[in-house]
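# Commentary on secondary and tertiary structure
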Amino acid sequence: MGALFVRDARLGLRAGGGALVGILFFLAVIAVVPFGVGPDLKLLARIGAAMLWIGALLATLLGLDRLFQADRDDGSLDLLIMNSERRMLAITVLVKCLAHWTVSVLPLVIAAPLLGLFMNMEPLAIGAVTLTLLIGTPAITLIGAVGAAVAVSLPRGGLLVSVIVLPLTIPVLIFGVSASYGAIEDPAPFLAPLLILGAITLFFAVIGPWAAAAALKSSAD
């Protein structure tokens, strides 16, 4: 599994710029916000957490279609499906998701504090958004694995992956933004939505790999 993680991480770095494309898209989303809402610094700070979460969500969706594509192109995915029982296939999917998150999504989390400065956010708000992104973005990747597994056999499955995954990530977005605002707005709770966000990630860490493994098995049949 360690060798699989290293292999997928290297493939992710080589495939189309991977993390760099995601960071540039993330930067582009945040950069255009002031042009749309105007130069009001208080307004930018107020919507900063939501915009960082939306930008990270959309940037994460960019590379999800490549999660299994390289393995399918070289034939290793078919061998993996035929030679593995569903439990081992689910563990393999989990390792691949971890590698994808490390290479493509973790750089977005690291870049979030700098982009938060562009939105005139306070240090406490930036720290809260970064923490919630660190906890919540793995859930987006795990949900995306299911969509990627469903669309892996389709010639142009990239758009389909986004269509499948985006509605399922709405709870992650809601509780991520709620926890971020709860850290800076006194009446709003912080710990409760943060714990729910962590529970969602743990839930999909269990369900997501099994659902993706089942979809991969079905696509091979």
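Rules used throughout
- Residues numbered from 1 in each chain as written.
- Predicted model: local features only at pLDDT ≥ 70, side-chain atom pairs only at ≥ 80, totals over all residues.
- Heavy atoms only, no water.
- Helix = DSSP H or I, 4+ residues; strand = E, 2+ residues; numbered from the N terminus.
- Contact = heavy atoms within 4.5 Å.
- Areas by Shrake-Rupley, 256 points an atom, 1.4 Å probe, with all protein chains shown as cover.
- UniProt positions renumbered as here; feature names shortened; annotations may be inferred.
- Buried < 20%, exposed > 50% of the residue type's maximum accessible area, 1.4 Å probe, protein only.
- Patch = residues over 30% accessible without salt bridge, like charges linked within 9 Å, V, L, I, M, F, W, Y side chains within 5 Å.
- Salt bridge = Lys/Arg side-chain N within 4 Å of Asp/Glu carboxyl O.
- Core = buried A, V, L, I, M, F, W, Y, C linked by side-chain atoms within 4.5 Å.
- Polar contact = N/O pair within 3.5 Å; in protein donor to acceptor, adjacent residues only side chain to side chain.
- Phe/Tyr/Trp six-rings, centres within 6.5 Å; stacked < 30°, edge-to-face > 60°.
- Expected span 1.5 Å × (residues − 1).
- Bend = angle between axes of the 7 residues up to and from the residue.
- Axes fitted to C-alpha atoms, helices over the stretch in contact; angles between N-to-C directions.
- Parallel < 35°, antiparallel > 145°, perpendicular 65-115°, else oblique.
- Left-handed = near helix turned anticlockwise from the far one by under 90°.

Our focus in this paragraph is the overall build of the chain. Across its full length, the chain holds 10 helices and 0 strands. For the chain, the α and β elements follow one another from N to C terminus as α-α-α-α-α-α-α-α-α-α. Across the chain, contacts joining residues at least 24 apart in sequence account for 81% of those joining residues at least 6 apart. When the accessible surface of the chain is summed, it comes to about 10600 Å², and 72% of that surface belongs to carbon and sulfur atoms.

Next up on the list: the UniProt feature "transmembrane region" (unreviewed entry) in the chain. Under the feature "transmembrane region" (unreviewed entry), the UniProt entry names residues 12-37, 43-68, 89-118, 124-152, 159-184 and 190-216. Taken end to end, residues 89-118 is 100% helix and 0% strand, and its two terminal C-alpha atoms sit 42 Å from one another. Regarding residues 124-152, the helix share stands at 97% and the strand share at 0%, and the terminal C-alpha atoms are separated by 41 Å.

What follows concerns the side chain of threonine 169. Position of threonine 169 relative to the elements: it lies in the loop between helix H8 (158-168) and helix H9 (170-182). Judged by its relative accessible area of 0%, threonine 169 is buried. Those residues in contact with threonine 169 that sit more than four places away from it in its chain are Leu57, Ile140 and Ile143.

Together, Leu20, Leu24, Leu27, Leu114, Leu117 and Phe118 give the surface a local cluster of nonpolar side chains, amounting to about 600 Å² of exposed area. Looking at the nonpolar patch, the elements that each hand over two or more residues are helix H2 (19-37) and helix H6 (86-118). Position of leucine 117 relative to the elements: it lies in helix H6. Using a relative accessible area of 55% as the deciding quantity, one classes leucine 117 as exposed.

All right, on to the nonpolar core then. Note on soluble globular proteins: their nonpolar side chains tend to be buried together. Phe26, Trp53, Phe68, Met121, Val172 and Leu216 are the most contacted members of the largest nonpolar core, which totals 54 residues. Those elements that place two or more of their residues in this core are H2, helix H3 (41-62), helix H5 (76-83), H6, helix H7 (123-151), H8, H9 and helix H10 (191-220). A total of 12 residues in this core trace back to one element, the largest contributor, which is H7. Among all residues touching tryptophan 53, those that are not within four sequence positions of it are Val129, Thr132, Leu133, Gly136, Thr137, Ile140, Val172, Leu173, Gly176, Val177, Ser180 and Leu197.

Locating glutamate 185 in the fold gives a position in the loop between H9 and H10. Glutamate 185 sits in the partly exposed class, given a relative accessible area of 37%. Considering only alpha carbons, one finds glutamate 185 and alanine 125, 60 residues apart in sequence, at a separation of 9.5 Å.

Time to look at the side chain of threonine 130. Along the chain, threonine 130 turns up in helix H7. Engagement of the side chain of threonine 130 in a polar contact is seen with the backbone oxygen of isoleucine 126, the distance being 2.8 Å. If we skip the residues at most four places from it in the chain, threonine 130 touches Val109, Ala112 and Pro113.

The subject of this paragraph is the environment of proline 189. Topologically, proline 189 is positioned in the loop between H9 and H10. Assessed through its relative accessible area of 52%, proline 189 is described here as exposed. Expressed as a C-alpha distance, the spacing of proline 189 and alanine 179, which sit 10 residues apart in the sequence, is 7.0 Å. Contact partners of proline 189, with chain neighbours within four places excluded, come to Ser178 and Gly182.

We now examine the packing of aromatic side chains. Taken as a whole and assessed by the stated rule, the structure comprises 1 aromatic pair. Aromatic pair phenylalanine 203 and phenylalanine 204: ring centres 5.2 Å apart, planes at 80°, arrangement edge-to-face. The exposure class of phenylalanine 203 is partly exposed, given its relative accessible area of 48%.

The end-to-end C-alpha separation of H3 is 29 Å, in line with the 32 Å expected for 22 residues at 1.5 Å each. At glycine 48, H3 shows its maximal bend, which comes to roughly 50°. With a side-chain oxygen lying 3.1 Å from the backbone nitrogen of lysine 42, the N-terminal cap of H3 falls on aspartate 40.

Running from amino to carboxyl end, H3 crosses H7 at an angle of 30°, the nearest separation of the two axes being 11 Å. As the angle between them shows, H3 and H7 are arranged roughly parallel. Considering the relative orientation of H3 and H7, their crossing is right-handed. Between H3 and H7, the residues in contact are Ala49, Leu52, Trp53, Ala56, Leu57 and Thr60 and Val129, Thr132, Leu133, Gly136, Thr137, Ile140 and Thr141, respectively.

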